[in-house]
Structure formats: C-alpha cells, structure tokens
Amino acid sequence: FITKAQSSPIPKPEDVIGFKVGADFHLATYEQSISYFEKLDAASDMVEMKSAGKTSEGRDWKYVLISSPENLKNIDRYKEISQKLAHPEGLSREEAKKLAEEGKTIVDLSGGLHASEVAGAQHIITLAYEILSKAEDKKFKAILDDVILVLWPSLNPDGQDIIANWYL
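## Structural notes on helix H6 (residues 119–133)
Alright, step 1. In this model H6 runs 21 Å from its N-terminal to its C-terminal C-alpha over 15 residues, within 8% of the 21 Å that 1.5 Å per residue would give.
Alright, step 2. For H6, the set of buried residues is Ala 121, Gln 122, Ile 124, Ile 125, Leu 127, Ala 128, Tyr 129, Ile 131, Leu 132 and Ser 133.

## Some details on the environment of Leu 113
Alright, step 1. Relative to the elements of secondary structure, Leu 113 occurs in the loop between strand E3 (105–110) and H6.
Alright, step 2. Classification of Leu 113 as partly exposed rests on a relative accessible area of 48%.
Alright, step 3. Distance from Leu 113 to Ala 142, taken between C-alpha atoms, is 30 Å for residues 29 residues apart in sequence.
Alright, step 4. If we skip the residues at most four places from it in the chain, Leu 113 touches Leu 155 and Asn 156.

## Re the pattern of salt bridges
For side chains bearing opposite charge, pairing can occur when the charged atoms are close.
Alright, step 1. Under the criterion given, the structure shown has twelve salt bridges.
Alright, step 2. Among the ionic pairs, Lys 141 bridges to Asp 145, the shortest N-O distance being 3.2 Å. Pair noted here: Lys 141 and Asp 145 are both in helix H7 (residues 138–146), with a separation of four residues, about one helical turn.
Alright, step 3. The class for Lys 141 is partly exposed, based on a relative accessible area of 38%.
Alright, step 4. Through salt bridges that share partners, Glu 31, Glu 57, Arg 59, Asp 158 and Asp 161 make up one connected network.

## Digging into empty space enclosed by the protein
Alright, step 1. This model, assessed by the stated rule, comprises one cavity of 30 Å³ or more.
Alright, step 2. In this structure, the largest cavity occupies an estimated 90 Å³ of space.
Alright, step 3. Considering the residues around the largest cavity, the lining is formed by 15 residues, among which Ala 115, Glu 117, Val 118, Ala 121 and Gln 160 are closest to the centre.
Alright, step 4. Elements represented by at least two residues in the lining of the largest cavity include exactly H6 and helix H8 (157–167).
Alright, step 5. Among the residues making up the lining of the largest cavity, the classes are represented as seven nonpolar, seven polar and one charged.

## Some words on the packing of helix H2 (residues 30–43) against H8
Relative orientation and spacing of two packed helices are given, respectively, by the angle between their axes and the distance between those axes.
Alright, step 1. It is at 8 Å that the axes of H2 and H8 come closest, and there the two elements cross at 115°. Of the residues in H8, those in contact with Tyr 30, Glu 31 and Ser 33 of H2 are Pro 157, Gln 160 and Asp 161.
Alright, step 2. When its residues are assigned to classes, the contact of H2 with H8 shows two nonpolar, two polar and two charged.

## A look at the side chain of Ser 68
Alright, step 1. Among the secondary structure elements, Ser 68 is positioned in the loop between strand E2 (60–66) and helix H3 (69–73).
Alright, step 2. The buried category is assigned to Ser 68, whose relative accessible area is 6%.
Alright, step 3. Not counting residues up to four positions away in its chain, the partners in contact with Ser 68 are Met 46, Leu 144 and Asp 145.

What counts and how
- Per-chain numbering applies: the sequence of each chain, read as written, is numbered from 1 onward.
- Since the coordinates come from a predicted model, pLDDT governs what is reported: local features require at least 70, and pairs of side-chain atoms require 80 or more to be given and counted, while whole-chain, interface and lining totals use all residues.
- Hydrogens and water molecules were not included; the side-chain quantities draw on all heavy atoms of the structure.
- The secondary structure listing takes helices from DSSP runs of H or I that are at least 4 residues long and strands from runs of E that are at least 2 residues long, numbered from the N terminus.
- For a helix, the expected span equals 1.5 Å multiplied by the number of residues minus one.
- Any residue under 20% of the maximum accessible area for its type is buried, any over 50% is exposed, and the rest in between are partly exposed; the area is computed with a 1.4 Å probe on protein chains only.
- Whether two residues are in contact is decided by their heavy atoms: any pair within 4.5 Å suffices.
- Salt bridges are defined by distance alone: a side-chain nitrogen of Lys or Arg within 4 Å of a carboxyl oxygen of Asp or Glu.
- Two kinds of site are reported from a 1 Å grid over the protein atoms alone, namely cavities, where a 1.4 Å probe fits but cannot get out, and pockets, open sets with protein on both sides within 12 Å along at least five of seven lines, and residues are called lining when an atom falls within 4 Å of a point.
- Grid points are joined across faces, edges and corners, and a volume is the space filled by probe spheres set on the points.
- Ten residue types, Ala, Val, Leu, Ile, Met, Phe, Trp, Tyr, Cys and Pro, are classed as nonpolar, four, Asp, Glu, Lys and Arg, as charged, and the remainder, Gly among them, as polar.
- Comment: axis = line fitted to C-alpha atoms, over the contacting stretch for helices; angle = value between 0 and 180 degrees taken between N-to-C directions.

Laid out in structure tokens, this is it:
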C-alpha cells in the first residue's frame, strides 16, 4: 500500500523485526521497535520520529508522531495552541473557542511503563502499521486529519530489552 506522498510501501512489522508481533515465544526488543519506526518514518510523510533524550542505560529514547502531513508541518502551532488552552490565563472565551476550533486533538499512547507487562510495547508496533497501512481509507484519513498521535514505543526501553532478552 503506497499513498501519493510516500516513497515506499508501509513495511509490515514482521518484515523488519523478523517475526509476527504477538507470535508465541517472540518479543520485540526496544531496538527492534525503534528499527521498525525508523522504517515507517522513511516510508511515510505521516510519521516523524522524535528524541526525548537518553535512558538510564544510555539508549536513545524516542517517540513517534503520526498524523496527516499537513498536521505534522504545523506541529509547532498545534503545540502552541495546546499550551495556551492548558494555561488559559488571559484568554477570553472567544479566543479560547477560536483556538479550540483551530487546534487538533493530541492523543498520547505509550507502549507501557512496566517492562514485565509486555503487551503494550508489542501492540504499539501493530497499531502504527494498522493506521498507516489504511491511511487512505475514509475512516482512517479522517482520524489522521483531525488527530495527532504521539506513540511511545516504550516508556521503559531499558526494561523492555531486559525482559525481551531474558525471554529469548
């Protein structure tokens, strides 16, 4: 599946990480998750990888924005609107209403905090694929036009790798 603005098809998770997400006796490591999201970023103008800094063990801690290309181009404006609405001191009712109409819904989803609760970190990979591979479907296009998804492959990358490597 290729949208007009994409340079390559949306890769399937199993083609990048080497197994089907959710398969018995397999858990994606944080590095495998990030590798997959890097492939999505390269394949689609609806994806932007961002850095949140370093983990305790020195890994690059990343998150992913998924939305329409237009929304991603204007991400700084939508952040500004969200900040103003979250701290409305000095805004009139009319100004707040206008900002709310201009802004986008920002949905933050994480792959989980507790490393031994493995489903979340695995699911985020599949969720991203499902949304992007169906981006031209009317329902998903509407979501991508109205919503900015902030996906965290894991809130505990170090722990995810400890558990995934132990499980192997």
